[in-house]
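# Coordinate inspection notes
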Amino acid sequence: PHSTLCRRAADDAGPIPTERYEMFREGVQLAEAILFLQRAVAEKKVPADMEKPVADCLDQRDTAYIWQWSTGRADRDARLLELAGELAGRLAAK
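Residue indices follow the written sequence of each chain, beginning from 1 at its first position. At least 70 in pLDDT is required for a residue's local features to be given in this predicted model, at least 80 for side-chain atom pairs to be given and counted, and no such filter applies to totals for whole chains, interfaces and linings, which use all residues. As a convention, hydrogens and water are excluded, and side-chain values are obtained from all of the structure's heavy atoms.

## Quick notes on the nonpolar core
Put simply, the test is: For this analysis, a nonpolar core means a set of buried residues of the types Ala, Val, Leu, Ile, Met, Phe, Trp, Tyr and Cys, connected via side-chain atoms within 4.5 Å. Residue burial is assigned from relative accessible area. The probe radius is 1.4 Å, only protein chains are included, and a residue is buried under 20% of its type maximum, exposed over 50%, and partly exposed in between. Only runs of H or I of at least four residues qualify as helices and only runs of E of at least two qualify as strands under DSSP, and these elements are numbered from the N terminus. Here, two residues are considered to be in contact whenever any of their heavy atoms come within 4.5 Å of each other.
Counting residues in hydrophobic clusters, the biggest one holds 13 residues, and the most contacted among them are Leu 37, Val 46, Met 50, Val 54, Leu 80, Leu 83 and Leu 87. Elements with a contribution of two residues or more to this core: helix 1 (19-42), helix 2 (48-67) and helix 3 (73-93). Leu 87 has contacts with Phe 36, Leu 37, Ala 40, Lys 45, Val 46, Pro 47 and Met 50, leaving out every residue within four places of it along the chain.

This is the structure:
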């Protein structure tokens, strides 16, 4: 049997992703962004002007995960992806 996560719904245009699939995909993207930032910090690849914002973002996610996950989650996710994108762009430009 296949997981319902992998099944796709269909409309007149053909297969479309289900809501569960999109939630899973979003979670993977967030996990990749966290790992990217953590690895960049560990390898000392974060530019000086981004060190504090990156550290604050990662710390806030840790705290929120334990104490208040749903409060402000969309804003935290957006900030995480924004910082990961900015850092990736800056590292690629080097």
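Don't stop here, the text continues.
## As for the packing of helix 1 against helix 2
Quick note on the threshold: Interaxial angle, 0 to 180 degrees, is taken between N-to-C directions of lines fitted to C-alpha atoms, where a helix line uses only the stretch in contact. An angle counts as roughly parallel when it lies under 35 degrees, as roughly antiparallel when it exceeds 145, as roughly perpendicular when it falls between 65 and 115, and as oblique in every other case. Crossing chirality is assigned from the near helix's rotation relative to the far helix, an anticlockwise turn below a right angle marking it left-handed and a clockwise turn marking it right-handed. Only Asp, Glu, Lys and Arg are considered charged in this grouping, and only Ala, Val, Leu, Ile, Met, Phe, Trp, Tyr, Cys and Pro are considered nonpolar; every other residue, Gly among them, is considered polar.
Packing of helix 1 against helix 2 leaves a shortest axis separation of 11 Å and a crossing angle of 130 degrees. Between helix 1 and helix 2, the interaxial angle falls into the category oblique. The element helix 1 and its partner helix 2 pack so that their crossing is left-handed. On the side of helix 1, the interface is formed by Ile 34, Leu 37, Gln 38 and Val 41, while helix 2 contributes Val 54, Leu 58 and Arg 61. For the contact of helix 1 with helix 2, the per-class residue count stands at 5 nonpolar, 1 polar and 1 charged.

## Here we look at helix 2
Heads up, the condition is: Each helix should span, by expectation, one fewer than its residue count multiplied by 1.5 Å. By construction, the arc corresponds to the directions joining the helix axis to the C-beta atoms.
When the terminal C-alpha atoms of helix 2 are compared, their 29 Å separation across 20 residues agrees well with the 28 Å that a helix rising 1.5 Å per residue should span. Listed in full, the buried residues belonging to helix 2 are Met 50, Val 54, Cys 57, Leu 58, Arg 61 and Ala 64. Buried residues of helix 2 fall within an arc of 130 degrees about the axis and therefore sit on the same side. Summarising the geometry of helix 2, the exposed residues directed more than 90 degrees from the buried face are Ala 48, Lys 52, Ile 66 and Trp 67.

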